[in-house]
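Reading the structure
Below, each chain spelled out in residue letters.
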Amino acid sequence: FGYAWDEERSMFEGVRKLAPGTLLRVRGASAGRPVRWWRPPRIAGAVSEERRADALVATLETVVAEHLVADVPIGLLLSGGLDSSVVAALACRRTTEPLRTISVGFEPCPDDERAHARRVAAHLGTRHEEIVLSPGDVMEDFQSGAWFYDDLFWDTGFVTSLAIYRLCRERGLKVVLVGEGSDEIFGGYRNFGLLGGRRFDRLPEGLHRYLFYRQYSGRQWGGELAGFVALVRRLRLEAGGDWFDTVRRYELRHQIPNNLNMKVDRASMASSVEARVPFQDRRVVEAACRAPREALLANGTNKHLLRLAARRARLLPDEIVDRPKFGMLMPGGWLAADPGLSALAAELVLAPDAWAGRLGVRPLVRAFFEGRARTWARHFRAHLAFGTLAWRLFVLELWTRAYRPAEVARRLAAARR
């Protein structure tokens, strides 16, 4: 899966997490079992989409206004996509001074969203800045970043996120509003259409649960299969048999806290920056969860409810409202194309005591780093798969070295000093 998908498990033996929406009572030296005090509400279908959209805007206006309360410099990460742009537009309605916005670009990289962010910033009249990252800018974060991500996960955005929040702090920002969580609750990812779409509704339930595992893990089988399939069965029961709502419940309860927020929270706190997430406010989440599939996947597009809300409130230009999803990750080609980054990764992944040897995949990743995977892989997707394997092994090596007992003792001793 690339991260610890379970609500309570962690990568460390004997260490468990307290899931969001649960409480734990501790008396003396004994602790009870976690008790869940909040669950996503059931779908409420008998509401017009216009009324639902207008109510969502009102809720977001209240939430964003509360998130703007701070006695330190505050700004917003603006990608130029729908989510961050909606938050920026609502924030600008509540601020007397021009809102500070920051967008991020990558060089070299064929895909760059900065032009869209400039368009939104000009439309809203914000004080706009740009951060441009190159492989050299993130090299130091590769060396130290794994320490901050205490529960191992592989998302390539972890290192760029560290650099982004470090540079935000250098620019004087201590609070940053971000758009994370919108795709997971408003149906922005392809998993909502694949696993929650109508064409899969008639599949046998056992096959459908297995497709969940295939889609989220990227594997045909594995040690997590039984536990994950059992989880999907429980989530579907909670969702009243609705597969779309089952996807949303998994995204909300497992993807957001264990994957998405792992990246955002650790990266921001590493530089003592507070990242605030208006879309993850309970009121916004509940409004989204009450919307049925038809309110979110409509007219051939995703996140229909949020787009309709932005359009009815005249928050943004139509070209921004209609923009498709574009994730902000480290450019995938950097690992193979940048000499310094590739050399660092190859040194760790192909070391004699590295995981690649113990797992029996050293020849595959060696071929990737030497460029031979392109010649004998039958199609481009196979090369991408080897690149993904190399990246995961690279992160695994960084994390393993950061959490060796001797290294942990050294860091703790330095912190005490």
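Residues numbered from 1 in each chain as written. Predicted model: local features only at pLDDT ≥ 70, side-chain atom pairs only at ≥ 80, totals over all residues. Heavy atoms only, no water.

Turning next to the packing of aromatic side chains. Enumeration according to the criterion identifies 21 aromatic pairs in this entry. Their ring planes at 85 degrees and their centres at 5.4 Å tell us that W5 and F228 sit as a pair that is edge-to-face. Of this pair, W5 sits in the segment before β1 (22-23) while F228 sits in helix α9 (residues 225-238), and the two are 223 residues apart along the sequence. F228 carries the same exposure label as W5, and that label is buried. (Phe/Tyr/Trp six-rings, centres within 6.5 Å; stacked < 30°, edge-to-face > 60°. Helix = DSSP H or I, 4+ residues; strand = E, 2+ residues; numbered from the N terminus. Buried < 20%, exposed > 50% of the residue type's maximum accessible area, 1.4 Å probe, protein only.)

Turning our eyes to something else, we now look at the sheet that holds strand β7 (residues 127-133). Strand pairs in the sheet, formed through backbone hydrogen bonds, run parallel or antiparallel to each other. Within the open sheet, the five strands sit side by side as β7-β6-β5-β8-β9. Their pairing is parallel. Each of the sheet's edge strands pairs with one partner strand only, and the pair in question is β7 and β9 (274-276). Ignoring strand direction, the axes of neighbouring strands in this sheet form an average angle of 30 degrees. Pairing of strand β5 (residues 74-77) with strand β8 (residues 175-177) involves three bridges; the strand directions are parallel. Note on β8: the bridge partner recorded for G75 is V176. On top of the sheet, helix α3 (residues 114-124) reaches β6 (100-106) and β7; it is set at about 170 degrees to β7, its chief contact. (Pairing = 2+ DSSP bridges. Axes fitted to C-alpha atoms, helices over the stretch in contact; angles between N-to-C directions. Contact = heavy atoms within 4.5 Å.)

Next up on the list: the nonpolar core. Judged by nonpolar contacts, the single largest core of 117 residues is most densely connected at V86, F142, F186, F228, Y250 and F394. Among the elements that line this core, the one with the most residues is helix α10 (residues 243-270), at 10 residues. Once you skip the residues sitting within four places of it in the chain, F186 turns out to touch L56, F279, V284, A288, L296, K303, L305 and L306. (Core = buried A, V, L, I, M, F, W, Y, C linked by side-chain atoms within 4.5 Å.)

Positive phi, close to 55 degrees, is recorded for N299, a residue that is not glycine. Secondary-structure assignment places N299 in the loop between α12 (293-296) and α13 (304-312). With a phi close to 55 degrees, R314 is a non-glycine residue in the positive phi region. In this structure, R314 sits in the loop between α13 and α14 (318-321).

Enumeration over the complete set of coordinates arrives at 38 salt bridges. Between R171 and E129 there is a salt bridge whose closest N-O contact spans 3.4 Å. Of this pair, R171 sits in the loop between α5 (157-170) and β8 while E129 sits in strand β7; the two residues are 42 residues apart in sequence, bridging distant segments of the chain. Exposure remark for E129: the relative accessible area of 23% places this residue in the partly exposed category. It is possible to trace a salt-bridge network through shared partners that takes in E7, R36, R39, E238, D245, R248, R249 and R253. (Salt bridge = Lys/Arg side-chain N within 4 Å of Asp/Glu carboxyl O.)

This part covers a nonpolar patch on the surface. Together, L18, L24 and V26 line one region of the surface with nonpolar side chains, adding up to about 260 Å² of accessible area. The residue V26 is located in strand β2 (residues 26-27) in this model. (Patch = residues over 30% accessible without salt bridge, like charges linked within 9 Å, V, L, I, M, F, W, Y side chains within 5 Å. Areas by Shrake-Rupley, 256 points an atom, 1.4 Å probe, with all protein chains shown as cover.)

What follows concerns helix α1 (residues 49-67). For α1, with 19 residues, the first-to-last C-alpha span of 26 Å sits near the 27 Å given by 1.5 Å per residue. Listed in full, the buried residues belonging to α1 are R52, A53, L56, V57, L60, V63, V64 and H67. Projection of α1 onto a plane perpendicular to its axis shows the buried side chains occupying an angular sector of 140 degrees, all on one side. (Expected span 1.5 Å × (residues − 1). Arc of directions from axis to C-beta.)

What follows covers the environment of L195. Mapped onto the secondary structure, L195 falls in helix α7 (residues 190-196). For L195, a relative accessible area of 2% corresponds to the buried category. Distance from L195 to L260, taken between C-alpha atoms, is 20 Å for residues 65 residues apart in sequence. Setting aside chain neighbours within four positions, we find L195 in contact with F200, H208, L211, F212, Q215, Y216, W243 and V247.

The share of residues in the chain with pLDDT of 70 or more is 92%, and the mean pLDDT across the chain is 87. Taken together, the stretch residues 375-384 has pLDDT below 50 and engages in eight contacts with residues farther than four places along the chain or on a different chain. (pLDDT = per-residue confidence, 0-100.)

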